[in-house]
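One-letter residues, chain by chain:
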Amino acid sequence: MIFVFRVDCVWECFLRRARSRPRAELRRFWRVTAVCALPLAAAFAAGCGYHIAGRSNSLPATIHTIAVPAFENKTTGYRIEQRLTEATVHEFLARSRYRIVSDASSADAVVHGKVAAIEVTPLLFDTVTGRATAMLVSVRCEVALEEVATKRELYRNNNFLFRNQYEITADVKSFFEEQDPALDRLARDFASRLVAALTEGY
């Protein structure tokens, strides 16, 4: 509370002094203030962890080609690993400068993915049929990015967790066995998060 009060006082004094200046000088004053404030705002945003998606790259400059072999599936979700693998390849192609291949021997780095667990929690229900119409899906994976030449791990997360809410057209039990549009959205959203984590390191 003390900190907020002091900031308010400083800002009030700042405005009072600004209003007392002549109009021409006031315009110059605000221009200088804006120029000085922009770097501070940028520094604050960086300190809070904000970033512009797709602009940063934490991978070594020697990485040009990335292999994305099929993910492993340790769950009972039917072919979920195929959906996630295909979406990850598409996301790399659409959002990064890397060439994507399926053979690790011809790549500079290789992505290793394993679907470890899937949890589905119904959230909303149809009042007439009682069928779930929306659910919260959680996908937990083990993910690693390895440099082929050195066998060095560039990224590893044994608890990569993706969670989002989706409206569904199929029964919850058969969601992963049907061609439900929500399943495609889930795969795309998952891939977007994963590729950002692999290339931007967050």
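Residues numbered from 1 in each chain as written. Predicted model: local features only at pLDDT ≥ 70, side-chain atom pairs only at ≥ 80, totals over all residues. Heavy atoms only, no water.

Notes on the side chain of Glu 91
Its location among the elements puts Glu 91 in helix α3 (residues 80-95). Judged by relative accessible area, Glu 91 falls into the buried class, the value being 12%. (Helix = DSSP H or I, 4+ residues; strand = E, 2+ residues; numbered from the N terminus. Buried < 20%, exposed > 50% of the residue type's maximum accessible area, 1.4 Å probe, protein only.)

Section: the nonpolar core
Grouped together as the largest cluster of nonpolar side chains are 36 residues, with contacts concentrated most on Ile 66, Leu 84 and Phe 190. Broken down by element, the residue count for this core peaks at 10 residues, all from helix α4 (residues 181-200). Those residues in contact with Leu 84 that lie beyond four places of it in its chain are Phe 71, Val 115, Val 139, Leu 186, Ala 187 and Phe 190. (Core = buried A, V, L, I, M, F, W, Y, C linked by side-chain atoms within 4.5 Å. Contact = heavy atoms within 4.5 Å.)

Observations regarding the packing of aromatic side chains
Under the definition given, this model contains two aromatic pairs. Geometrically, the ring pair formed by Phe 160 and Phe 190 is edge-to-face, given 5.7 Å between the ring centres and 85° between the ring planes. Separated by 30 residues along the polypeptide, Phe 160 in strand β6 (residues 153-167) and Phe 190 in helix α4 bring together distant segments of the chain. In terms of burial, Phe 160 and Phe 190 fall into one category: buried. Measuring from centroid to centroid gives 6.0 Å for Phe 162 and Phe 190, while their planes differ by 85°, and the two rings are edge-to-face. One end of the pair, Phe 162, is in strand β6; the other, Phe 190, is in helix α4, and 28 residues separate them in sequence. (Phe/Tyr/Trp six-rings, centres within 6.5 Å; stacked < 30°, edge-to-face > 60°.)

A closer look at α3
A turn of α-helix holds 3.6 residues, and therefore any two residues three or four places apart point the same way. Given a rise of 1.5 Å per residue, 16 residues ought to cover 22 Å, and the 22 Å separating the end C-alpha atoms of α3 matches this to within 8%. Taken as a whole, α3 has its buried residues at Ile 80, Glu 81, Arg 83, Leu 84, Thr 85, Ala 87, Thr 88, Glu 91 and Phe 92. On its buried side, α3 packs onto β1 (65-67), β2 (72-73), β3 (99-101), β4 (109-125), β5 (132-147) and α4. (Expected span 1.5 Å × (residues − 1).)

Description of unusual backbone geometry
Despite not being glycine, Lys 151 shows a phi value in the positive range, around 60°. Position of Lys 151 among the secondary structure elements: in the loop between β5 and β6. A residue is classified by how much of its surface remains accessible, and Lys 151, at 57% relative accessible area, is exposed.

All quantities given are derived from atomic positions and should not be read as evidence of function.
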